[in-house]
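Residues per chain are reported as follows:
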Amino acid sequence: MKLVSLEMGSGGRLMQEFIKERLLPAFKNRYLQVLHDSALLPAGLALTTDSYTVDPIFFPGGDIGTLCVNGTVNDLVVSGARPEYLSLALIIEEGLEMSSLERILRSVRKTAARNRVQIVTGDTKVVPRGQADRIYINTAGIGHMVGRPQPEKIKPGDKILVTGTVGEHGLAIMLARNSFRLSSRVRSDCAPLVFLLPLWKKGALWMRDITRGGLATVLSELADRISYPLLVEETRIPFSRALKGAVEILGIDPLYLACEGRALLVVKEGDAGRALRALRNNHASGQAAIIGEVQDKIGRKGEALLRTSSGGLRLLEPLTSELLPRIC
Amino acid sequence: MTPKKKSPELFAEWRSGSTVRNLLKTISGEIIAIKRPIRIMEVCGTHTMTLHRAGLKPLLREAGVEMVSGPGCPVCITPDYYHEAIINLVTSQKNILAATFGDMTRVPTARGSLQTTVPFPGSEIKIVYSPEEALELAGKNPGKEVIFFGAGFETTIPAIAHTVKKAAEKKLTNFSLLAALWLIPPAIEAILKSGEVAIDGFIYPGHVSAVIGQKAYTFVAEKFGVPGAIAGFEPADVLLGVLSVSRQIRNGRPEVSNEYRRVVRTDGNPLALTLMAEMLQPFAADWRGLGRIQNSGLKLKPAWKEYDATTRFDLKLKPSRSHISGCRCGDVLKGLIGPLDCPLFARACNPDHPLGPCMVSYEGACLIEYKYSSGEKKK
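In this text the structure is predicted, and so the values were computed from the model without any measurement. (Residues numbered from 1 in each chain as written. Chains lettered and ligands numbered in written order. Predicted model: local features only at pLDDT ≥ 70, side-chain atom pairs only at ≥ 80, totals over all residues.)

Caption draft 1: Region of the structure containing the overall build of chain A. Each helix and strand in chain A was counted, giving 7 helices and 14 strands. For a compact globule of 328 residues, the expected C-alpha radius of gyration is about 20 Å, and chain A comes in at 19 Å, within 12% of that figure. With the principal axes as the frame, chain A shows a C-alpha extent of 60 × 55 × 50 Å. (Helix = DSSP H or I, 4+ residues; strand = E, 2+ residues; numbered from the N terminus. Rg over C-alpha atoms; globule rule 2.2 N^0.38 Å.)

Caption draft 2: Focus on the overall build of chain B. In terms of helices and strands, chain B carries 17 helices and 11 strands. On the principal axes, the C-alpha backbone points of chain B span a range of 65 × 55 × 55 Å. Summarising the internal contacts of chain B: among those between residues at least 6 apart in sequence, 77% fall at separations of at least 24. (Contact = placed C-beta atoms within 7 Å.)

Caption draft 3: Structural context of the domain arrangement of chain A. Residue and element names in this part refer to chain A. Each domain of chain A was delimited in the assignment, giving domain 1 (40-145) and domain 2 (151-315). A separation of 24 Å is found between the C-alpha centroids of domain 1 and domain 2. The interface is formed by 21 residues belonging to domain 1 together with 21 residues belonging to domain 2. Considering every element that reaches the side of domain 1 that touches domain 2, the biggest residue donor is helix 2 (residues 64-78), with 9 residues. Per-class residue counts for the side of domain 1 that touches domain 2 are 9 nonpolar, 8 polar and 4 charged. (Domains from an automatic or database assignment. Nonpolar A, V, L, I, M, F, W, Y, C, P; charged D, E, K, R; others polar.)

Caption draft 4: Geometry of the domain arrangement of chain B. Residues and elements named next belong to chain B. Taken domain by domain, chain B holds domain 1 (36-72 + 185-258), domain 2 (76-183 + 268-312) and domain 3 (326-372). The C-alpha-based centres of domain 1 and domain 2 are spaced at 29 Å. Contacts between domain 1 and domain 2 engage 11 residues on the former and 17 residues on the latter. For the side of domain 1 that touches domain 2, the elements supplying multiple residues, two or more each, are helix 10 (184-194) and helix 11 (206-212). For the side of domain 1 that touches domain 2, the element with the highest residue contribution is helix 11, accounting for 5 residues. For the side of domain 1 that touches domain 2, the per-class residue count stands at 9 nonpolar, 2 polar and no charged.

Caption draft 5: Structural detail: the sheet that holds strand 7 (residues 135-145) of chain A. Residue and element names in this part refer to chain A. If you walk across this open sheet you meet the 5 strands as 1-2-7-5-6, and the pairing is mixed. The strands lining the two open edges of the sheet, one partner per strand, are strand 1 (39-41) and strand 6 (118-127). When strand polarity is set aside, the average angle formed by the axes of neighbouring strands in this sheet is 20°. Strand direction decides the pairing type here: strand 5 (residues 81-93) and strand 6, joined by 9 bridges, are parallel. Residue pairing for strand 6: I91 is matched across the bridge by K125. Along the sheet, helix 2 makes contact with strand 2 (45-52), strand 5 and strand 7, crossing strand 7 at roughly 30°. Across the sheet, helix 3 (residues 98-115) touches strand 5, strand 6 and strand 7, and the angle it forms with strand 5 is around 175°. (Pairing = 2+ DSSP bridges. Axes fitted to C-alpha atoms, helices over the stretch in contact; angles between N-to-C directions.)

Caption draft 6: Looking closely at the environment of R250 of chain B. Residue and element names in this part refer to chain B. Relative to the helices and strands, R250 resides in helix 13 (residues 235-251). As for R250 and P357, which are separated by 107 residues in sequence, their C-alpha atoms are 37 Å apart. If near-sequence neighbours (up to four positions away) are discounted, R250 is found in contact with E30, A33 and I34.

Caption draft 7: Just the confidence of the model for chain B, in detail. Of all residues in chain B, 95% attain a pLDDT of 70 or more, and the chain-wide mean is 92. With pTM at 0.87, the complex prediction returns an ipTM value of 0.80. (pLDDT = per-residue confidence, 0-100.)

Caption draft 8: The arrangement of the environment of H162 of chain B in detail. Relative to the elements of secondary structure, H162 of chain B occurs in helix 9 (residues 157-169). Overall, the presence of 17 C-beta atoms within 10 Å leaves H162 of chain B in the partly exposed class. (Buried ≥ 20, exposed ≤ 12 C-beta atoms within 10 Å, placed from the backbone.)

Caption draft 9: Highlighting the packing of helix 2 (residues 17-34) of chain B against helix 13 of chain B. Residue and element names in this part refer to chain B. Across the interface, helix 2 lies against helix 13 with an axial gap of 9 Å and an inter-helix angle of 15°. One finds that helix 2 runs roughly parallel with respect to helix 13. For helix 2 against helix 13, the interelement crossing comes out left-handed. Of helix 13, the residues touching helix 2 (which contributes T19, V20, L23, L24, T26, I27, E30, I31, A33 and I34) are P235, A236, L239, L240, V242, L243, S246, R247, I249 and R250. (Parallel < 35°, antiparallel > 145°, perpendicular 65-115°, else oblique. Left-handed = near helix turned anticlockwise from the far one by under 90°.)

Caption draft 10: Here's a closer look at the sheet that holds strand 8 (residues 228-231) of chain B. All names here are of chain B. Strand order in this open sheet of 5 strands is 2-1-7-8-9, and the pairing throughout is parallel. Where the open sheet ends on each side, the last strands, each with one partner, are strand 2 (65-72) and strand 9 (256-258). Neighbouring strand axes in the sheet, compared pairwise and without regard to direction, differ in orientation by 25° on average. In this structure, strand 7 (residues 201-205) lies alongside strand 8, joined through 4 bridges in parallel fashion. From the neighbouring strand, I203 faces strand 8, where its bridge partner is A229.

Caption draft 11: Structural context of the environment of D123 of chain A. Residues and elements named next belong to chain A. In this structure, D123 sits in strand 6. Looking at D123, the number of C-beta atoms within 10 Å reads 10, which means it is exposed. Sequence spacing of D123 and S87 is 36 residues, and the spatial spacing of their C-alpha atoms is 8.4 Å.

Caption draft 12: Structural view of helix 3 of chain A. All names here are of chain A. Taking 1.5 Å of rise per residue, the 18 residues of helix 3 would be expected to cover 26 Å, and the 26 Å separating its terminal C-alpha atoms lies within 8% of that figure. Within the span of helix 3, buried status applies to I104, S107, V108, T111, A112 and N115. Down the axis of helix 3, the buried side of the element spans an arc of 125°, and every buried residue falls inside it. Facing away from the buried surface of helix 3 by more than 90 degrees, the exposed residues are M98, S99, E102 and A113. Turning to helix 3, the residues buried within the fold contact strand 4 (62-63), helix 2, strand 5, strand 6 and strand 7. Looking one or two residues beyond helix 3, the residue adopting positive phi is R116, at roughly 55°. (Expected span 1.5 Å × (residues − 1). Arc of directions from axis to C-beta.)

And the structure:
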């Protein structure tokens, strides 16, 4: 009997397969098949939804409340839409401390206010003890388009940017679970990306928030979508020092660690310098960097390549299975 | 106030493009002097990882050095019948808690993998990140028989053996070890004796060597006349090893050079070696691909038999005839073929549907090739 495995939801290749082979054919329509982070609907509206099941629900740098607002807001932003209204559906396990619930709702309220979005509808369900793990949250978001992703216009010479240091959210969660007994100053990067909206009018051709599967998976999926290979330079990718130390000890490749407040952008060659300056002047993206460019000399169509700090080239593959540290 | 001065980044120098370029240039000079390309086996899976992750393999090839992966992945060389024995146990008895490392749970066998196994009611399979965690499970689950299926080379063997010692000290009566413990030097000797693979030299595993010491490989140079170097795991470490081996070849003076002196001593780690000698004894073990090799495995000495899962549960560790057809992991482990030469590679066998352990383990040559290498594969 075939069983659903964890990897089917981990943002990697198995999840892509599931979406393409099961979901798309079942619900086929012109909005869904674009497979972007949000559906782009008539009248310039964008709609997105996401469910949040993070464990633990409170972690350094955020909690499930900040996450469920930022995550959905960010999906709209990278689709070219200004987020306006959100729904909030809570699935709560019987026995969750009321104080935790209140703390989460405070986070939701604060994060919504910070993003200038309103929670306009919702739902509350409580399930018997053991039938859910503390709390799951689903949010949907809607907003008006202010720009449009144009992957078809991406051409050699266009620049690839990240909006800050990568991998902290994934690592913070891993460490918060304490399986590794390693403490670190790494905090989740969970944050809104609304500051990116103006860039849609200043040369941005494509954006994607870097979530599950990390930077490598996002790059590899972008390469699949366009007509030219991508090349990024390892030495230009920003990582925090605390993260570098921890991944070294754990033997984890930080290119596969998730973020919750970072995005990858492709910006027209001529606009990239200005876009970078704009990002660096904003304290939320002060460590933004141009990490590479769209190629026509190195690599083949469909490939995302990394020039390593040692000067070698390697292919970036999408995440294939949940991260595990080395055993020997 | 002046800002606090930041310490230089730990490994930056060992990874820098300029260091790597200079080393490659020097290596290339040696190969020109040797007047033919050379083949070096990196015994350890973590070295294979370094070579691919840093993108060094094509650069070395240009310089005239072909790197061949060896048997240095404990998950890969552990025979199927170890997995089958523990799968049989956990599906047929209640109150068994089988604990093992994550990679081990995904190894496919004719009986499925530990990951796909549905345990007997009341029994379970748990992933642990360290041997110590397996021991803690025994303390936390007094009603269960905790069996730690521990696989490893000399690097991890002391830590695995230590759990048994600790269990005895803590008087834990529900803890036992299914030992899948393998020794590197006998495997190297077996590869040399078989003569199947033409190898000009070895890169010896850095962390195995930290335990067993530089002298453990003396026989390779003295008896077989084959050069070798112990190397660390940063790109420049591996290249230093390659450079040393090329120099030995050019000079015609094979030896065991230590290019990982910041970690490895001539005599190894005496504390770890004493613990191993106290608790474990060698036996003729089966390696996937290499077959049975004299004195290449370690098992608990009879004094510790109550902690030995094989005696405690009367496990049958006998070679089974089941084999996944077409999988050439064995030949990959021997260095006879590269992953790309296996007809299943990236087709029937891929990280989502691995057919052999080399595609499962993070140190398996096939998974590493699949994950990191561009080129003539896939689709």
